[in-house]
Amino acid sequence: MSEEFEIRNKVAESGLVNFDLTTLLPKGERKGIDLKDFLFQEMILKEKDFREKVDRINVEEYKDAYIYIYNSVDTIIPLWAYFVLTAKLTDVAKKIVFGSREDLEVILMHNAIQTYDFEEMRGKRVLVKGCSDKEIPENAYIELVEQLKPIVKSLMFGEACSNVPIVKN
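Residues numbered from 1 in each chain as written. Predicted model: local features only at pLDDT ≥ 70, side-chain atom pairs only at ≥ 80, totals over all residues. Heavy atoms only, no water.

The name given to the protein in an unreviewed UniProt entry is DUF2480 family protein, with Chryseobacterium gallinarum as the source organism.

Visitor: Could you clarify how one ought to interpret the pattern of salt bridges in this entry?
Guide: Side-chain pairs of opposite charge can arise whenever the charged atoms involved come near each other. The final tally for this structure, using the stated rule, is seven salt bridges. Between R30 and E105 there is a salt bridge whose closest N-O contact spans 2.7 Å. Taken together, the residues R30 in strand β2 (residues 30-34) and E105 in helix α4 (residues 101-115) connect sequence positions 75 residues apart. A salt bridge links R122 to E119, with the shortest nitrogen-to-oxygen separation between them at 2.4 Å. The exposure class of E119 is partly exposed, given its relative accessible area of 42%. (Salt bridge = Lys/Arg side-chain N within 4 Å of Asp/Glu carboxyl O. Helix = DSSP H or I, 4+ residues; strand = E, 2+ residues; numbered from the N terminus. Buried < 20%, exposed > 50% of the residue type's maximum accessible area, 1.4 Å probe, protein only.)

Visitor: How should helix α5 (residues 138-148) be read in this particular structure?
Guide: For an α-helix the count is 3.6 residues per turn, leaving residues at separations of three or four pointing the same way. Buried within α5 we find A140, E143, L144 and L148. Taken around the axis of α5, the buried residues stretch over an arc of 130 degrees, which confines them to a single face. Exposed and oriented more than 90 degrees from the buried face of α5 are E138, I142 and E146. Looking at the packing, one finds that the buried side of α5 touches β1 (16-19), α4, β5 (125-129) and β6 (154-159). (Arc of directions from axis to C-beta. Contact = heavy atoms within 4.5 Å.)

Visitor: Explanation requested: the sheet that holds β6 in the structure shown.
Guide: Each strand in a sheet pairs with its neighbour through backbone hydrogen bonds, running either in the same direction (parallel) or in the opposite one (antiparallel). On the basis of which strands lie adjacent, the open sheet formed by four strands has the order β1-β5-β6-β7 and mixed pairing. Two strands close off the open sheet at either side, each with one partner strand: β1 and β7 (162-168). With strand direction ignored, the average angle separating the axes of adjacent strands in the sheet is 25 degrees. Relative to β5, β1 runs parallel, the two sharing four bridges. Counterpart to F19 in the pairing with β5 is V128. (Pairing = 2+ DSSP bridges. Axes fitted to C-alpha atoms, helices over the stretch in contact; angles between N-to-C directions.)

Visitor: Just to check I follow, could you spell out the domain arrangement of the protein for this structure?
Guide: The parts lose accessible area when they come together, and the size of an interface is often stated as this lost area. Domain boundaries assigned for the protein yield domain 1 (16-26 + 105-168) and domain 2 (30-93). Placing the centre of domain 1 and that of domain 2 at their C-alpha centroids yields a distance of 35 Å. (Domains from an automatic or database assignment.)

Visitor: Would you mind going over the sheet that holds β2 with me for this structure?
Guide: Here three strands make up an open sheet; going across it, the order is β2-β3-β4 and the pairing parallel. What marks the edges here is a single partner per strand, and that holds for β2 and β4 (95-98). Across the sheet, the axes of successive neighbouring strands diverge by a mean angle of 20 degrees, strand direction being ignored. Examined bridge by bridge, strand β3 (residues 66-70) and β4 share four bridges and lie parallel to one another.

Structure follows, in structure tokens:
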């Protein structure tokens, strides 16, 4: 019995568009700046000392980096301090935010999703990849659904062999 078997990729033939959210992750180094390092005895912000420490920052260390500014000690930081520090780094950094590394990633993904052209997915069946070796903020998936729901024929989450239907228009 000699039957020929044709191996077909039914996923490829289905017209399914696979979308990997990690492709939107901005590339570049992430660096944190802890404001406690600019405080007198890690407790008090003295304007003169603070400005001197900011002036001594080697801006080249932050060139093309994504920077998150945070404060790991329980002290009040006047708002002008953020202005001074940001003004020092804004010409070299790609982005500066206040908050944790996670807060930075949420903002970066928000910007990436808001500026991405999803038009190529209009009227298509879209599968958003579920597994990744890179960490994606949960909020990115929420924003992605907001962008895709009005334009796609159907939206699924997971892998081609095992997906969860989300939207069917």
